[in-house]
Amino acid sequence: MIHTNRDVLRSLKNNDPDFEQFCITDERGDDGPEDDAYHPIDGEDMGWLGYYVGNSIYLREITFFQTIDTESSFYKEMSNNRSIEGVDFSYYNLLDGKIFSMLTPFFKNNNNLIYIKISGCTLGVRAIRQLSLAIGSCNTSLKNIDITNNLIEDGNLVDVIVALSMHSPLEHLDLSNMDIGEVNECTALATLLRCTTSELQTLNLGSNNIDDEGVEVLVDALANVSNKLQVLYLKKNYSITTRGWKAVSTLLEMPGSKLINLDVSPNNNIGAKEALVFAKALVNNSTLKRLAIFVGGNVHTPVEGWRAFSQLLCDTSSVNKTYLSNHTLENLTSEWRSYDQSIPNDIVSLLDLNSSLDDKRQVAMFKILRNHSYFNMAPFFEWEFKVLPLIICWFAKAYYHTGEYRDRLKIRRMKLSTIYDFIKEFPMLYIEPVTRKEIVECSALEDQLQGGELVEIRQRKDRAMRRLGMK
């Protein structure tokens, strides 16, 4: 529904429970006003809008695209609001931080505020200071902070990072495209990760100037949240070399790692050597689904790089190694379910197989059936026939989950071949129980048969007893 300014004011005044978010902007779409947008008119007193915002009990999010005159009572009235959970300043004139200063009561007294976003703004020294004070004064624990794509001087972000230490339940932190790279910034961020953010699930540090030294400091600190962190973006940090990527790869080897999405693309410093580093780190990893490493023209990966990932996804050197291959990794590019043409088809096929089934035992099953026609049973002979029922059960499950006639025919042949190998290795273990059963059956029939049939059954019984050395 398209809202006019009057509609927005009416919804706020009447505390419409369906009116949960709106933006203040001077921009209008080609077809007229945007949904849930308030468009200030030159010279308009914004005090009434601030009053209704301050008294709303259902408003959850407000976005600022247009600066409101500080002479207006808007900010003072808005500070009375206690329902807003998220506030977004996008491409907004922060008036050198004066906006944060005027909203101090809002930040301090709103217990529901969990999300702050500042994007496309200019953050000078004074603005950073006021923002830090606002974050530090929040009377609640923020969970989501996006400070991204802002114009800022080198090293000025430290105060904001320190202020975030007041919010231990922080779950999402986006500091992308903020020119982070100074040693003091990386150290402050590492201290935050090590000492405060034990609940962090998403960290975006893409498009910064982090180098090897900085990323090593950060990786060491990320060990503190390795059991929670699920998404890590480090793309477009062009100063990171092989040394730094080796440090990053250790995150994939940490016991209990919960990382499902690691984005290191596009980086000119990632090639065959780095591909081998990440492939090796993923050998025992069963959580990562996406490793964004290969993107378009940035890929300079010779055969050995692709071979490393092919072997990671399906090691065909033995059935056991195929079973122990990586069945979790689903994507190697910057977009989900999107593949660069430079990635070999066999790797794309394996990634598709990994993503097609939630049950990774079935994924392993299909990889085994695709790449092996014979099972070497020798390693299992030490358990004699005890393991055979388990293997036969595995073939039965494979048959059930396979719809192709050719695959089912292959499963039957492999099943018979496996049974034959066991009987060939342990003939007496098979012959004795079968022969004893035959003797018992013949003995039971002796009292029921006469004449030629009785003679025949006795001869059959005698042959069975001779096979066991009983005669």
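Asker: Please explain the overall build of the protein as it appears in this structure.
Answerer: Helix and strand counts for the protein stand at 19 helices and 13 strands. The C-alpha radius of gyration computed for the protein amounts to 34 Å, which surpasses the reference 23 Å derived for 471 residues by more than 25%, pointing to a less compact arrangement than a globule. Along the longest, intermediate and shortest principal axes, the C-alpha atoms of the protein span 120 × 55 × 45 Å. Here the protein, with 471 residues, has 46% of them falling under the buried criterion. Here the contacts in the protein between residues at least 6 apart in sequence split such that 77% fall between residues at least 24 apart. Element-wise, carbon and sulfur atoms account for 49% of the exposed surface of the protein, whose accessible area totals about 23,700 Å². Side-chain charges in the protein split into 49 positive and 62 negative, and the spacing between the mean points of these groups amounts to 13 Å.

Asker: What is the right way to look at the packing of aromatic side chains in this model?
Answerer: Counted by the stated rule, this structure contains 17 aromatic pairs. Summarising the aromatic geometry, the rings of Trp 245 and Phe 278 are spaced 6.4 Å apart at their centres and angled 50° between planes, so their arrangement reads as tilted. Of this pair, Trp 245 sits in helix α10 (residues 242–249) while Phe 278 sits in helix α11 (residues 272–281); the two residues are 33 residues apart in sequence, bridging distant segments of the chain. Of the aromatic side chains, those joined through ring pairs into one cluster are Phe 64, Phe 74, Tyr 75, Phe 89, Tyr 92 and Phe 100. Directly above the ring of Tyr 399 sits Arg 408, whose terminal nitrogen or CZ lies 4.3 Å from the centroid.

Asker: How should I be thinking about empty space enclosed by the protein in this particular structure?
Answerer: Rolling a probe over the atoms, with the probe sized like a water molecule, indicates the empty space that remains. For the structure on display, the rule yields three cavities of 30 Å³ or more. Of the pockets and cavities examined, the second largest cavity occupies roughly 40 Å³. Lining the second largest cavity, in full, are Leu 222, Ser 226, Leu 229, Leu 251, Ser 257 and Leu 259. Of the residues that constitute the lining of the second largest cavity, the class distribution is four nonpolar, two polar and no charged.

Asker: Looking at this model, I keep getting lost on the nonpolar core. Mind explaining?
Answerer: Nonpolar side chains tend to gather and get buried jointly when the protein is soluble and globular. Of all hydrophobic cores here, the largest spans 104 residues; its most connected members are Phe 22 and Phe 309. Considering every element that reaches this core, the biggest residue donor is helix α8 (residues 183–195), with six residues. Membership of the second largest hydrophobic core comes to 15 residues, among which are Met 365, Ile 368, Phe 381 and Phe 395.

Asker: It is not clear to me how the layout of surface pockets should be interpreted in this structure. Could you clarify?
Answerer: Approximately 500 Å³ is the volume found for the largest pocket. Considering the residues around the largest pocket, the lining is formed by 14 residues, among which Val 319, Asn 320, Ile 368, Phe 375 and Phe 380 are closest to the centre. Among the secondary structure elements, those contributing two or more residues to the lining of the largest pocket are α13 (319–323) and α16 (388–401). Looking at side-chain class alone, the lining of the largest pocket contains eleven nonpolar, three polar and no charged residues.

Asker: I would appreciate a short explanation of unusual backbone geometry in the present structure.
Answerer: It is generally the case that most residues other than glycine have a negative phi and that most peptide bonds are trans. A positive phi angle is found at Asn 149, which is not glycine, with a value near 60°. One can find Asn 149 in the loop between β7 (144–148) and β8 (151–152). By relative accessible area, which is 32% here, Asn 149 ends up partly exposed. The phi dihedral of Asp 179 falls on the positive side, at around 60°, and the residue is not glycine. The topology assignment puts Asp 179 in the loop between β9 (172–174) and α8. With a relative accessible area of 30%, Asp 179 lands in the partly exposed category.

Asker: Please explain the side chain of Asp 88 as it appears in this structure.
Answerer: Inspection of the secondary structure assignment puts Asp 88 in strand β4 (residues 86–90). No salt bridge is formed by the buried Asp 88, whose closest oppositely charged neighbour, Lys 117, lies at an N-O distance of 4.2 Å. Among all residues touching Asp 88, those that are not within four sequence positions of it are Ile 62, Thr 63, Phe 64 and Lys 117.

How each quantity is defined
Residues numbered from 1 in each chain as written. Predicted model: local features only at pLDDT ≥ 70, side-chain atom pairs only at ≥ 80, totals over all residues. Heavy atoms only, no water. Helix = DSSP H or I, 4+ residues; strand = E, 2+ residues; numbered from the N terminus. Rg over C-alpha atoms; globule rule 2.2 N^0.38 Å. Buried < 20%, exposed > 50% of the residue type's maximum accessible area, 1.4 Å probe, protein only. Contact = heavy atoms within 4.5 Å. Areas by Shrake-Rupley, 256 points an atom, 1.4 Å probe, with all protein chains shown as cover. Lys, Arg positive; Asp, Glu negative; His and termini not counted. Charge placed at Lys NZ, Arg CZ, Asp CG, Glu CD. Phe/Tyr/Trp six-rings, centres within 6.5 Å; stacked < 30°, edge-to-face > 60°. Lys NZ or Arg CZ within 6 Å of the ring centre and 35° of its normal. 1 Å grid on protein atoms, 1.4 Å probe; cavity = no way out; pocket = protein on both sides within 12 Å on 5 of 7 lines; lining within 4 Å. Points joined across faces, edges and corners; volume = space filled by probe spheres on them. Nonpolar A, V, L, I, M, F, W, Y, C, P; charged D, E, K, R; others polar. Core = buried A, V, L, I, M, F, W, Y, C linked by side-chain atoms within 4.5 Å. Salt bridge = Lys/Arg side-chain N within 4 Å of Asp/Glu carboxyl O.

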